[in-house]
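Remarks on the overall topology
What follows is the residue order along each chain.
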Amino acid sequence: MAVENVGKTISMPAAGDLSAKQYRFVAQDSNGRVDVAGDGADAMGVLQDDPSVLGAPACIMVGP
């Protein structure tokens, strides 16, 4: 049985190729783009898709 939990999502430009980073914690970089959160960094949410180029829209789940 498939289950989907609907949550609040936002869209931000990707900081680069995130095609292999789907479902990882992400944070906003100094340029206002989203990138994978580093160790110990404050994550803003979880990447829901797989943008493959700089500036492509990235869908981020930020809350329930």
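Above this text sits the structure in question.
In short, a report on the structure.

Details of the nonpolar core
Nonpolar side chains in soluble globular proteins tend to end up buried together. Core analysis: the largest hydrophobic core is formed by eight residues, namely M12, A14, L18, V26, V34, L47, A58 and I60. Excluding its chain neighbours within four sequence positions, the residues that come into contact with A14 are R33, V34, P51, V53, L54, G55 and A56.

What to know about the sheet that holds strand 5 (residues 57-63)
Sheet strands associate in pairs through backbone hydrogen bonding, adopting either a parallel or an antiparallel arrangement. Pairing in this open sheet of five strands is antiparallel, and the strands run 1-5-4-2-3 from one edge to the other. If you trace the sheet from one side to the other, it starts and ends with strand 1 (8-13) and strand 3 (34-36), each paired once. Neighbour-to-neighbour, the strand axes of the sheet open up by a mean angle of 45 degrees, direction not taken into account. For strand 1 and strand 5, the ladder comprises six bridges, and the chain directions are antiparallel. Paired with I10 across the bridge in strand 5 is I60.

Overview of the pairing of strand 2 (residues 25-28)
When strand 2 meets strand 4 (residues 45-47), the two strands line up antiparallel, connected through two bridges. The partner of F25 across the bridge, within strand 4, is V46. Here strand 2 hands over to strand 3 after five residues, with G32 in that stretch at a positive phi of 80 degrees.

Brief notes about the environment of Q48
Along the polypeptide, Q48 turns up in the loop between strand 4 and strand 5. On the accessibility criterion, Q48 (24% relative accessible area) is partly exposed. Once the C-alpha coordinates of Q48 and A14 are considered, the two residues, 34 residues apart in sequence, prove to be 12 Å apart.

A look at the pairing of strand 5
Sheet analysis places strand 4 next to strand 5, joined by two bridges and oriented antiparallel. Across the sheet, the residue bridging to V46 is M61, located in strand 5.

What to know about unusual backbone geometry
Positioned with a positive phi, Y23 is a non-glycine residue whose angle comes to about 70 degrees. Inspection of the secondary structure puts Y23 in the loop between strand 1 and strand 2. Exposure remark for Y23: the relative accessible area of 57% places this residue in the exposed category.

About the criteria used
- Residues numbered from 1 in each chain as written.
- Predicted model: local features only at pLDDT ≥ 70, side-chain atom pairs only at ≥ 80, totals over all residues.
- Heavy atoms only, no water.
- Core = buried A, V, L, I, M, F, W, Y, C linked by side-chain atoms within 4.5 Å.
- Buried < 20%, exposed > 50% of the residue type's maximum accessible area, 1.4 Å probe, protein only.
- Contact = heavy atoms within 4.5 Å.
- Pairing = 2+ DSSP bridges.
- Helix = DSSP H or I, 4+ residues; strand = E, 2+ residues; numbered from the N terminus.
- Axes fitted to C-alpha atoms, helices over the stretch in contact; angles between N-to-C directions.

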